[in-house]
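Chains, contacts and geometry: an overview
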Amino acid sequence: MFVLFLCLALTAVCVLLHYETLRLLNDRLGPITIISMRAKVLAALVGALTSHVLQIGRSRSPITSCETSSGWADSAGLSRTRR
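Residues numbered from 1 in each chain as written. Predicted model: local features only at pLDDT ≥ 70, side-chain atom pairs only at ≥ 80, totals over all residues. Heavy atoms only, no water.

**Things to note about helix α1 (residues 2-29)**
With 28 residues, α1 should cover 40 Å at 1.5 Å per step; its first-to-last C-alpha distance of 40 Å lies within 8% of that length. Here α1 has its buried residues at Leu-6, Leu-10, Cys-14, Thr-21, Leu-25 and Leu-29. (Helix = DSSP H or I, 4+ residues; strand = E, 2+ residues; numbered from the N terminus. Expected span 1.5 Å × (residues − 1). Buried < 20%, exposed > 50% of the residue type's maximum accessible area, 1.4 Å probe, protein only.)

Here is the structure:
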């Protein structure tokens, strides 16, 4: 049950982080007229990729914590160390 809650919470955090990043990029890049549309698209892509890296890091931390504290990865055969 804890794993289900953890997955739902991480999904909600990732969706919120992604939405807020794209909203911020839209708000900041929209009114700028000095740079071209191509540069705006490139900046939005870099922002989205950065958001994805943050989401991966945010998801990996609790999973690693569960792995090391409870040993569930060993019992499921998902341990990083080969025996």
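What follows continues from the structure just given.
**Some remarks on the side chain of Thr-21**
Positionally, Thr-21 belongs in helix α1. Setting aside residues up to four positions removed in sequence, Thr-21 forms contacts with Gly-47 and Ser-51. (Contact = heavy atoms within 4.5 Å.)

**Section: a nonpolar patch on the surface**
On the surface, Met-1, Leu-4 and Leu-8 cluster together into a nonpolar patch covering about 400 Å² of accessible area. Structurally, Leu-8 is set in helix α1. (Patch = residues over 30% accessible without salt bridge, like charges linked within 9 Å, V, L, I, M, F, W, Y side chains within 5 Å. Areas by Shrake-Rupley, 256 points an atom, 1.4 Å probe, with all protein chains shown as cover. Salt bridge = Lys/Arg side-chain N within 4 Å of Asp/Glu carboxyl O.)

**With respect to the pattern of salt bridges**
Enumeration over the complete set of coordinates arrives at 2 salt bridges. Note that Glu-20 and Arg-23 form a salt bridge whose closest N and O atoms lie 2.8 Å from each other. Of this pair, Glu-20 and Arg-23 are both found in helix α1, 3 residues apart, which corresponds to roughly one turn of the helix. Looking at Glu-20, the relative accessible area reads 32%, which means it is partly exposed. For Arg-23, a relative accessible area of 37% translates into the label partly exposed. Note that Asp-27 and Arg-23 form a salt bridge whose closest N and O atoms lie 3.0 Å from each other. On the criterion of helical spacing, the pair formed by Asp-27 and Arg-23 is a turn pair, its members being 4 residues apart in helix α1. In this structure Asp-27 comes out as partly exposed when scored by relative accessible area, which is 42%.

Keep in mind these numbers describe shape, not what the thing actually does.
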